[in-house]
Amino acid sequence: MRTNHLNPLSVVRNLGVLAHVDAGKTTVTERILFATGTTHKRGEVHDGTTVTDFDPQERDRGITIFAAAVSCAWDGHRLNLIDTPGHVDFADEVERSLRVLDGAIAVFDAVAGVEPQSESVWRQADRHGVPRIAFVNKLDRAGADLDTAVESIRRRLHPAPLVVQLPIGREDGFTGVVDLVGMRALTWTDGGPVEEGPVPGALREEALGRRRLLEEAVAERHPAALEEFCDRETLSADTLTAALRDLTRSGDGVVVLCGSAYRDRGIEPLLDAVVAYLPSPLDVPAVRGEQGEERPCDPAAPLAALAFKVNAGPTGRLTYVRVYSGTIEKGATVWDAGARRTERVGRILRVRADRHAPLEWAVAGDIVALVGLKSARAGSTLCAPDAPLVLEPPSAAEPVVSVA
Ligand code: GDP
């Protein structure tokens, strides 16, 4: 059986960044790619050098139109970052990219809080059952306020925001966060590493109070945590982490982090949260075909993959696929259930920000790009010719409401 032992599925995170236009999705994505070492040059949104916005039309318009997936590594995990269009005109693309995600970071502007479009994308993600963590961005801006932003999340999106960080400094003076789970300060200076230290004396009381509120909110929603809380009147960091993971994956709570994508290394605690709380492909329900046939996330099962994006790249036509089940091999013949014909897989690429790495095969749970497919379109199911199926269509999407 072709499993890749260096990369067990439990270390894969297929995630997207969801946001209202201008909340900072592109900047956050760039910082993630920078922090994970896949780009060595900082992409800046304004000069058109960003990695995920690679379509010229997209650069011209300054918005993200086409989804692309980029793989990067963090703390022994592989993050497949799926770019979701943030513009209301591309609801189909948002919908399709939401289908292939296992989890997402929802980015909010710390001044504006929840905006109409963040609300509609959030509801779409609800319909697809995408577990989310929230990142309140732009804490460096004048007028930024975490508590107000959290309140708008509670009021408009989710009754249980679980705030796991306390900002250190305000606006221009924002220099880091208190991690309320580990009860430590994480601070950074421009270009420097994230430094770990004790909670500053001036914030100690507030941090303890907020940690208490977090424990209570978690215990209220998580039976095992409640038991420990009743016994010991507190929760250990390990229990808290495990409960936050469960609540994120079940959708019963939303972990809220904060920061500023302008303070580049400050994105690292967000990556730690992605790894800690968002699910791997093994943690999400098995995919189903239209006839109800279930396909487990298992490299040995028959192939079931979904093409979610087709791009004309410099190396030819690239078909981005999410492999749900089985293994897709270089040179193999697959059945395109959309076009009702067989196709030959030319090359398989792991798409990175700086280069594409050729692969011999890709297994269930992974997201890769295929070269050489002629007929596959976004939405096509690719499967084993002797075990054909059409992947279940997405739940009926309500149209994304326009932003006034
Ligand atoms: P997108 O439309 O959601 O992809 O947002 P962008 O990443 O393009 O950001 C929108 C604007 O906000 C750009 O001018 C960014 O430079 C700016 N921006 C992004 N992140 C931050 C941040 O952390 N702080 C501040 N002050 N501005 C930011």
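For the structure, see preceding data.
Residues numbered from 1 in each chain as written. Predicted model: local features only at pLDDT ≥ 70, side-chain atom pairs only at ≥ 80, totals over all residues. Heavy atoms only, no water.

Participant: Explain the packing of aromatic side chains residue by residue, including any values.
Facilitator: All chains considered together, the criterion is met by three aromatic pairs. Taking 6.1 Å as the distance between ring centres and 75° as the angle between the ring planes, the aromatic pair formed by Phe174 and Trp188 counts as edge-to-face. Pair noted here: Phe174 is in the loop between strand E7 (165-168) and strand E8 (176-179) and Trp188 is in the loop between strand E9 (184-187) and strand E10 (195-197), with a separation of 14 residues, a long-range link. Here Phe174 and Trp188 have matching classes, each one buried. Measuring from ring centre to ring centre gives 6.1 Å for Phe308 and Tyr320, while their planes differ by 50°; the resulting arrangement is tilted. (Phe/Tyr/Trp six-rings, centres within 6.5 Å; stacked < 30°, edge-to-face > 60°. Helix = DSSP H or I, 4+ residues; strand = E, 2+ residues; numbered from the N terminus. Buried < 20%, exposed > 50% of the residue type's maximum accessible area, 1.4 Å probe, protein only.)

Participant: I'd like to hear about the nonpolar core, residue by residue, with values.
Facilitator: Soluble globular proteins tend to pack their nonpolar side chains together in the buried interior. In terms of nonpolar packing, the biggest core is built from 52 residues, with Ile105, Ile133, Leu214, Val218 and Leu244 touching the most fellow members. Here this core takes seven residues from helix H9 (residues 268-277), the largest share from any one element. With 27 residues, the next largest nonpolar core counts Ala68, Val94, Leu306 and Leu389 among its residues. (Core = buried A, V, L, I, M, F, W, Y, C linked by side-chain atoms within 4.5 Å.)

Participant: I'd love a proper account of helix H6 (residues 201-221), names of residues and values included.
Facilitator: Compared with an ideal rise of 1.5 Å per residue, which puts 21 residues at 30 Å, H6 spans 31 Å between its outermost C-alpha atoms and is within 8% of the ideal. Buried within H6 are the following residues: Leu203, Ala207, Arg211, Leu214, Glu215, Ala217, Val218 and Ala219. Here the buried face of H6 lies against strand E6 (161-163), E7, E8, helix H7 (223-232) and helix H8 (237-250). (Expected span 1.5 Å × (residues − 1). Contact = heavy atoms within 4.5 Å.)

Participant: How would you sum up the site of the ligand? Please name residues and give values.
Facilitator: Near the ligand lie 16 residues; those nearest to it are Asp22, Thr26, Thr27, Asp140 and Tyr262. Contacts to the ligand include Thr27, whose side-chain N or O atom sits 2.5 Å from an oxygen atom. The fraction of the free accessible surface of the ligand (580 Å²) that becomes covered by protein chains is 82%. Among the elements that make up the shell around the ligand, the one with the highest residue count is helix H1 (residues 25-35) (three residues). (Near = heavy atom within 4 Å. Polar contact = N/O pair within 3.5 Å; in protein donor to acceptor, adjacent residues only side chain to side chain. Areas by Shrake-Rupley, 256 points an atom, 1.4 Å probe, with all protein chains shown as cover.)

Participant: Can you lay out the layout of surface pockets for me, pointing to particular residues and giving the numbers?
Facilitator: Computed from the structure, the largest pocket encloses a volume of approximately 780 Å³. Looking at the largest pocket, it is lined by 38 residues, and the ones nearest its centre are Arg99, Leu101, His128, Gly129 and Pro285. Mapped by element, the contributors of at least two residues to the lining of the largest pocket are helix H3 (91-100), helix H4 (116-127), H8, strand E12 (287-288) and strand E15 (316-325). (1 Å grid on protein atoms, 1.4 Å probe; cavity = no way out; pocket = protein on both sides within 12 Å on 5 of 7 lines; lining within 4 Å. Points joined across faces, edges and corners; volume = space filled by probe spheres on them.)

Participant: So, the sheet that holds E8: which residues are in play, and what are the values?
Facilitator: Strand order in the open sheet formed by four strands is E7-E8-E9-E10, and the pairing between neighbours is antiparallel. Strands at the two margins of the open sheet, each flanked by one partner only, are E7 and E10. When strand polarity is set aside, the average angle formed by the axes of neighbouring strands in this sheet is 25°. Examined bridge by bridge, E7 and E8 share four bridges and lie antiparallel to one another. What sits directly across from Ile168, in E8, is Gly176. Contacts from H6 reach E7 and E8 within the one sheet, and its direction differs from that of E7 by about 160°. (Pairing = 2+ DSSP bridges. Axes fitted to C-alpha atoms, helices over the stretch in contact; angles between N-to-C directions.)

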